[in-house]
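Below are the chains, spelled out letter by letter.
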Amino acid sequence: MPGTDDSAHVPSSSQRISEWVAQQLLDRIARGELVPGERLPGERQLAEQLHVSRVSVRAALQKLKTQGFLTAVQGGGTRVVSSAGMMDGALTAMVRSTHQNLCDLVEIRMALESWAARRAAERATPEQIDTIGRILAAMSETNRDGGRAADDMDFHVAVAQASGSPVYLHLLSTIRDILGNMVEMKHTEPFMENHEALMIEHHRAIHQALARRDPDGAASAVTAHLGWILARYRTMSDHSTGGTDSATDTPPSPNAG
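The protein goes by Pyruvate dehydrogenase complex repressor in an unreviewed UniProt entry, where it is assigned to Azospirillum melinis. The Function (unreviewed entry) field of the UniProt record for the protein holds the comment "Transcriptional repressor for the pyruvate dehydrogenase complex genes aceEF and lpd."

**Here's the deal with the overall build of the protein**
Along the backbone of the protein there are eleven helices and two strands. The order of helices and strands in the protein, counted from the N terminus, is α-α-α-β-β-α-α-α-α-α-α-α-α. In the protein, buried positions account for 45% of the 257 residues. As displayed, the protein has an accessible area near 12,700 Å², and 53% of this comes from carbon and sulfur atoms.

**Thoughts on the packing of helix α7 (residues 148-162) against helix α10 (residues 196-211)**
In contact at an axis separation of 12 Å, α7 and α10 are set at 20 degrees when each is read in the N-to-C sense. By the angle between their axes, α7 is roughly parallel relative to α10. Handedness of the α7/α10 crossing: left-handed. Taken together, the residues of α10 that come into contact with α7 (itself represented by R148, D152, F155, H156 and V159) are E196, M199, I200, H203, I206, H207 and L210. Each residue belonging to the contact of α7 with α10 can be placed in one class, and the counts come to six nonpolar, three polar and three charged.

**Observations regarding the nonpolar core**
Counting 43 residues, the largest nonpolar core has I132, F155, V159 and L210 as the members making the most contacts within it. Looking at this core, the elements with two or more residues in it are α5 (99-123), α6 (126-139), α7, α8 (166-174), α9 (176-186), α10 and α11 (215-241). With nine residues, α5 is the single largest residue contributor to this core. Non-local contacts of L210, meaning those with residues more than four positions away in its chain, are made with A117, A120, A121, I129, I132, V159 and A218. If you look at the next biggest cluster of nonpolar residues, it comprises 17 residues, including L40, V57, A60 and V80.

**Observations regarding α6**
The first and last C-alpha atoms of α6 sit 20 Å apart over 14 residues, in line with the 20 Å expected at 1.5 Å per residue. Those residues of α6 that sit buried are I129, I132, G133, I135, L136, A138 and M139. Residues of α6 that are buried sit in contact with α7 and α10.

**Some points on the pattern of salt bridges**
This structure, assessed with the given rule, holds eight salt bridges. D216 is the salt-bridge partner of R118, the closest N and O atoms lying 2.5 Å from each other. Highlighted residues: R118 in helix α5 and D216 in helix α11, separated in sequence by 98 residues. In the salt-bridge network here, residues are joined through shared partners; they are E43, R54 and R58.

**So, the confidence of the model for the protein**
Mean pLDDT over the protein stands at 80; residues scoring 70 or higher make up 74%. In the model, residues 243-257 has pLDDT below 50 throughout and makes 35 contacts with residues more than four positions away in sequence or in other chains.

**What to know about the packing of α5 against α7**
For the pair α5 and α7, interaxial distance at closest approach is 7 Å and the crossing angle is 55 degrees. If you check the angle between α5 and α7, you find them oblique. You can see that α5 and α7 cross each other, and the crossing is left-handed. Two secondary-structure elements touch here, α5 through R109, E113, A117, A120 and R123 and α7 through H156, V159 and A162.

**Some remarks on α10**
Spanning 16 residues, α10 covers 22 Å between terminal C-alpha atoms, matching the ideal 22 Å at 1.5 Å per step. Taken from the residues just after α10, R213 is the one with a positive phi, measuring 60 degrees.

**Re the packing of aromatic side chains**
This structure, assessed with the given rule, holds one aromatic pair. Relative to Y168, the ring of W115 has its centre 6.1 Å away and its plane inclined at 55 degrees; by these criteria the two rings are tilted. Here W115, found in helix α5, pairs with Y168, found in helix α8; they are 53 residues apart in sequence, far enough to count as distant. Residue classification places W115 among the partly exposed residues on the basis of a relative accessible area of 38%.

Basis of the calculations
Residues numbered from 1 in each chain as written. Predicted model: local features only at pLDDT ≥ 70, side-chain atom pairs only at ≥ 80, totals over all residues. Heavy atoms only, no water. UniProt positions renumbered as here; feature names shortened; annotations may be inferred. Helix = DSSP H or I, 4+ residues; strand = E, 2+ residues; numbered from the N terminus. Buried < 20%, exposed > 50% of the residue type's maximum accessible area, 1.4 Å probe, protein only. Areas by Shrake-Rupley, 256 points an atom, 1.4 Å probe, with all protein chains shown as cover. Axes fitted to C-alpha atoms, helices over the stretch in contact; angles between N-to-C directions. Parallel < 35°, antiparallel > 145°, perpendicular 65-115°, else oblique. Left-handed = near helix turned anticlockwise from the far one by under 90°. Contact = heavy atoms within 4.5 Å. Nonpolar A, V, L, I, M, F, W, Y, C, P; charged D, E, K, R; others polar. Core = buried A, V, L, I, M, F, W, Y, C linked by side-chain atoms within 4.5 Å. Expected span 1.5 Å × (residues − 1). Salt bridge = Lys/Arg side-chain N within 4 Å of Asp/Glu carboxyl O. pLDDT = per-residue confidence, 0-100. Phe/Tyr/Trp six-rings, centres within 6.5 Å; stacked < 30°, edge-to-face > 60°.

Here's what the structure looks like:
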């Protein structure tokens, strides 16, 4: 956010400055300039950017905390929040309760991420395409086995950011911890069984479609990737349950391995 300058929109004396500051911050969240989990600049920096006093900034931050848009960071500072804190526990328990729920989440993720990939192919900046490419290169390094799960998650978050949709970013943040656990499982045995090279090819296909500005190709590449993941979950469940799928089946743990 460095370089942001809202001086041309400083409110008149009849408007409460702290309310105006709060609205500026909300506008940045709505535009995706501030994403869920992102730490805000300090009070002094915000005051300089908005050409107001630190007292007004402090009052605006407190108002947004009360409304649930921001939360205090341990050790000092403020970050953007979403509904993730309220939903993660319930969703995690639901996904763990049955194998079918885990598969449902993958199918929902497939629908959401294919939409995001299509949007990213249309709207991503060259810098965002380059960022996705750098993450892909890191995933491809043979000596990064321990970091591939983190790179994988970073890849999908970068595609989400490239979609230019703050709404999608907030939806993703709501289930991000669960997705992160799923990604960790994808990079452990017995799930992978020497399929890491195939997984990297899946991600390369997504990146190539984004780079050539091919919305249909990007959506198809995401669908192929997550379709393969879904098939692996189902195969593992069949092996562990003998082909049954009752409500008491134990799904593959997202923390397996």
